[in-house]
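Chain by chain, the residues run as shown.
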Amino acid sequence: MGNKASSLQPKAMQDLRSKADVDFTEDEIRDWFKTFKQFCKKGRSSIDQWEFVRIYNSLFHGDGSKFASNVFRTFDKNNDGVVDFEEYIVGLCVSGSSSFRTKMRWAFHMYDENNDGMISRKEMKNIIQAVYDMIYLPGAEVSPSANELTCTVFESMDTDKDNMISWPEFSEGINSHIALIKLLQIDPSSAGS
């Protein structure tokens, strides 16, 4: 009986498999659960933001703190300050979805830091800079810079010139800026190259 916390119960597995956003197999879910439990503090069944940031920082050469905090925000659906396994697995599925529309929605939410349904120039630059900080070593010369990329993309997407990007503008303009989504899905093995 003491093993319940360290293994995924059949009811929990069934609940996860029934979610539309979860497209992992049962074996993949079990593997993710084992990994997730390794990062939980003893006796806990969730990861707090600090732990989430620590995980990201262990994967990249640069500082992943800001980026990880924003990923955490998109995973913590009930805004309770922790990510439980269900939020974690759903977040992984949504952020890595093969559905372009699902991935696009997640990207919009990632860039919309204050969750007001709009992306400001500052919010976009914050996320792009957070990615740059994580994948490039300090002092590395990168072209385009985070500021240049933000200006180019923002001016292109802000079609009504109100200094905000709405969901319709983002969903329309993203086809010309697929890099915005790819930027959020960095692979630690290729970071900084």
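Residues numbered from 1 in each chain as written. Predicted model: local features only at pLDDT ≥ 70, side-chain atom pairs only at ≥ 80, totals over all residues. Heavy atoms only, no water.

Novice: So what's going on with the packing of aromatic side chains? Which residues, and what values?
Specialist: On inspection of all chains with the given rule, the structure shows 14 aromatic pairs. Considering the side-chain rings of Trp32 and Tyr88, the 6.1 Å spacing of their centres and the 75° angle between planes classify their relative orientation as edge-to-face. You can see Trp32 sitting in helix α2 (residues 26-39) and its partner Tyr88 sitting in helix α5 (residues 85-95), a full 56 residues away along the chain. Using a relative accessible area of 10% as the deciding quantity, one classes Tyr88 as buried. Judged by centre distance (6.4 Å) and plane angle (70°), the ring pair of Phe75 and Tyr88 falls under edge-to-face. Taken together, the residues span a long stretch of sequence, with Phe75 in helix α4 (residues 65-75) and Tyr88 in helix α5 at a distance of 13 residues. Against the face of Trp167 rests Arg105, its NZ or CZ located 3.8 Å from the ring centre. (Phe/Tyr/Trp six-rings, centres within 6.5 Å; stacked < 30°, edge-to-face > 60°. Helix = DSSP H or I, 4+ residues; strand = E, 2+ residues; numbered from the N terminus. Buried < 20%, exposed > 50% of the residue type's maximum accessible area, 1.4 Å probe, protein only. Lys NZ or Arg CZ within 6 Å of the ring centre and 35° of its normal.)

Novice: Any details on the pattern of salt bridges? Residues and values, ideally.
Specialist: Considering all chains together, one arrives at five salt bridges under this definition. Between Asp27 and Arg30 there is a salt bridge, with its nearest N and O atoms 3.4 Å apart. One end of the pair, Asp27, and the other, Arg30, are both in helix α2, three residues apart, so they sit about a helical turn from each other. For Arg30, a relative accessible area of 35% puts it in the partly exposed group. (Salt bridge = Lys/Arg side-chain N within 4 Å of Asp/Glu carboxyl O.)

Novice: Tell me about the nonpolar core, residues and numbers included.
Specialist: Here is a general trend for soluble globular proteins: nonpolar side chains tend to be buried in one another's company. With 56 residues, the main nonpolar core has Tyr111 and Phe170 as its most contacted residues. In terms of residues, this core owes the most to one element, helix α7 (residues 121-135), which gives eight residues. If we skip the residues at most four places from it in the chain, Phe170 touches Met104, Ala107, Phe108, Tyr111, Ile119, Met157, Ile165 and Leu180. (Core = buried A, V, L, I, M, F, W, Y, C linked by side-chain atoms within 4.5 Å. Contact = heavy atoms within 4.5 Å.)

Novice: Describe in detail the environment of Ala146, supporting the description with residues and values.
Specialist: With respect to the helices, strands and loops of the structure, Ala146 is situated in helix α8 (residues 146-157). Accessibility expressed as a relative area gives 3% for Ala146, which makes it buried. Spatially, the C-alpha atoms of Ala146 and Asp63 are 15 Å apart, while their sequence positions differ by 83 residues. Excluding residues that lie within four positions of it along the chain, Ala146 makes contacts with Ile128, Gln129 and Tyr132.

Novice: Residue-level account of α8, with values.
Specialist: Given a rise of 1.5 Å per residue, 12 residues ought to cover 16 Å, and the 16 Å separating the end C-alpha atoms of α8 matches this to within 8%. Buried residues in α8 make contact with β3 (118-120), α7, β4 (164-166), α9 (167-173) and α10 (179-184). (Expected span 1.5 Å × (residues − 1).)

Novice: Could you give an account of the side chain of Asp48, with specific residues and numbers?
Specialist: Its location among the elements puts Asp48 in strand β1 (residues 46-48). We classify Asp48 as buried; its relative accessible area is 17%. Engagement of the side chain of Asp48 in a polar contact is seen with the backbone nitrogen of Trp50, the distance being 3.2 Å. The contact partners of Asp48, leaving out residues within four places of it in the chain, are Lys41, Phe72, Gly81 and Val82. (Polar contact = N/O pair within 3.5 Å; in protein donor to acceptor, adjacent residues only side chain to side chain.)

Novice: Pulling in residues and values, what's your account of the state of the cysteines?
Specialist: The full count for this structure, using the stated rule, is zero disulfides. Between Cys40, a free cysteine, and Cys93, which holds the nearest cysteine sulfur, the sulfur-to-sulfur gap is 17 Å. (Disulfide = S-S within 2.5 Å.)

Novice: Residue-level account of the environment of Lys182, with values.
Specialist: Residue position: Lys182 is located in helix α10. The exposure class of Lys182 is exposed, given its relative accessible area of 60%. Residues Lys182 and Ala107 lie 75 residues apart in sequence; the distance between their C-alpha atoms is 9.3 Å.

Novice: I'd like a description of the confidence of the model for the chain, backed by residues and values.
Specialist: Taken over all residues, the pLDDT of the chain has a mean of 84, while the share at 70 or more is 91%. When pLDDT is averaged over each helix and strand of the chain, the minimum, 73, is found for α10 and the maximum, 98, for β3. In this model, residues 188-193 is a region of pLDDT below 50 whose contacts with residues beyond four sequence positions or in other chains number seven contacts. (pLDDT = per-residue confidence, 0-100.)

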